[in-house]
Each structure stands twice: as C-alpha cells, then as structure tokens.
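What follows is the residue order along each chain.
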Amino acid sequence: LFSNRSLPSATYNHATRIRVTESETDKLIADVVRYYQSMRLKPCFMVYPTTRPTTFDDSLLKADFDLIDEEDAMIFKGKIENVKLNSEVEVTAIDGRLIGIWTEVLMKGYGVPELFRGALLDMFTKVSHDDSSRAYLGYFQSKPAGNCLFCSFNDVGTIYTVATAPEYRKKGVATALVNRAIAD
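Residues numbered from 1 in each chain as written. Predicted model: local features only at pLDDT ≥ 70, side-chain atom pairs only at ≥ 80, totals over all residues. Heavy atoms only, no water.

### Looking at the environment of Phe150
Here's step 1: Mapping Phe150 onto the fold places it in strand S3 (residues 143-153).
Here's step 2: Expressed as a C-alpha distance, the spacing of Phe150 and Ser133, which sit 17 residues apart in the sequence, is 5.5 Å.
Here's step 3: If we ignore the near neighbours within four places in the chain, the residues touching Phe150 are Ser132, Ser133, Arg134, Tyr136, Gly157, Thr158, Ile159 and Ala181. (Helix = DSSP H or I, 4+ residues; strand = E, 2+ residues; numbered from the N terminus. Contact = heavy atoms within 4.5 Å.)

Following this line, the structure appears as structure tokens:
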C-alpha cells in the first residue's frame, strides 16, 4: 500500500502489486477500502499485467470501483541497441543518503511546489529502502540534473518518475537514466 496523507492523490495513495488467490480477492478489497477510508482518502488500486488473479479488475468493478485512468504497460522483449550517450552525463545508483538531492531534482523536473518537499522526501526515503527499488541520479558536468526510479516485481521492471531539471533538458540526461535502469 502506498499512502501519504500529505499528497491526497491516487498516484501517492493506492494499493498495487496485487497477487492473491481468487478466494482472497473480496477480503483484500474490503481491507484496502477500510484502510484508505480510515485516512479519509478514496480507495484506489493500480492494476497491471502482473496483477493476480487476472480477473481482479472485474472484482473491483463489482465492488463499485470505476476505471478512472488507463495506464498502458509495455514489456520490452527486444534487443537493447547501443545508443550514443552524452559523455558529459554520468548516472549513478544512489542509496538513501542522496535521496534529498534526488527529490530536489524530481521537484525541479516536474515543477512540484516547495510545499510538497517533506511529503515527497518521506515517501521516496521509504521507497529507497525497498530492495525491489533502485533510485538513479543523473549528473551533467558533475551537477545533479535528472533522476528516475526503477521498481521490480515478479520479474517485471517498471521505470517511474523520469525527471530532468529544466536547465539540463535536451542534453541526453533522461536517455542515459533510462538506459542505465534498463541495463541494470
């Protein structure tokens, strides 16, 4: 469960990585509804190709959920081609000690107001301690310029929050970040 009362949006408050048996579905839905309602948030589930059972979305519709947004997921099965990367861009996988800089770059890249810094920092600090996640920081000429987050679950990797600070756009920072996350 992702939950952050300071950011009342489904993006930051939802149940994900659902893998239950058919017989556990109704109980899970009821538990998640109670959890989010206790925080005065609307319950939300993110359903992906890895969600189990495969009929989970039908169970949500029966439980009075509406489909509000469709996120397409694509699984890359091709060959990674050599992309010419900018030699002035360096990408490193970071640990929790640099999550403040990572969050600052994210905020600049997405134009997030300062008001949300604490909530984002708290959320991404927690994510950075999850073994299935890896945060990357891209540097242009040794200055923090971009970031992305990679999460893996059931042999499916997902790249989130690719952001480049406005002053470093069109320099290959995002390309280098995504290529590094795919390569790792």
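### Focus on the sheet that holds S3
Here's step 1: In space, the four strands of this open sheet follow the order S1-S2-S3-S4, with antiparallel pairing throughout. Every interior strand has two partners, whereas the edge strands, strand S1 (89-94) and strand S4 (156-164), have only one. Neighbour-to-neighbour, the strand axes of this sheet turn through a mean angle of 20 degrees, independent of strand direction.
Here's step 2: The sheet contact formed by strand S2 (residues 133-140) and S3 spans eight bridges and is antiparallel. Counted as the bridge partner of Ser133 is Cys151 from S3.
Here's step 3: Along the sheet, helix H5 (residues 173-183) makes contact with S1, S2, S3 and S4, crossing S4 at roughly 160 degrees. (Pairing = 2+ DSSP bridges. Axes fitted to C-alpha atoms, helices over the stretch in contact; angles between N-to-C directions.)

### So, the packing of aromatic side chains
Here's step 1: Following the criterion strictly, the structure yields five aromatic pairs and no others.
Here's step 2: Pairing Phe140 with Tyr168 gives two aromatic rings, centres 5.9 Å apart and planes at 50 degrees, and the pair type is tilted. In this pair, Phe140 is assigned in strand S2 and Tyr168 in the loop between S4 and H5, connecting sequence segments 28 residues apart.
Here's step 3: An aromatic cluster of at least three residues, connected via ring pairs, comprises Phe45, Phe56 and Phe65. (Phe/Tyr/Trp six-rings, centres within 6.5 Å; stacked < 30°, edge-to-face > 60°.)

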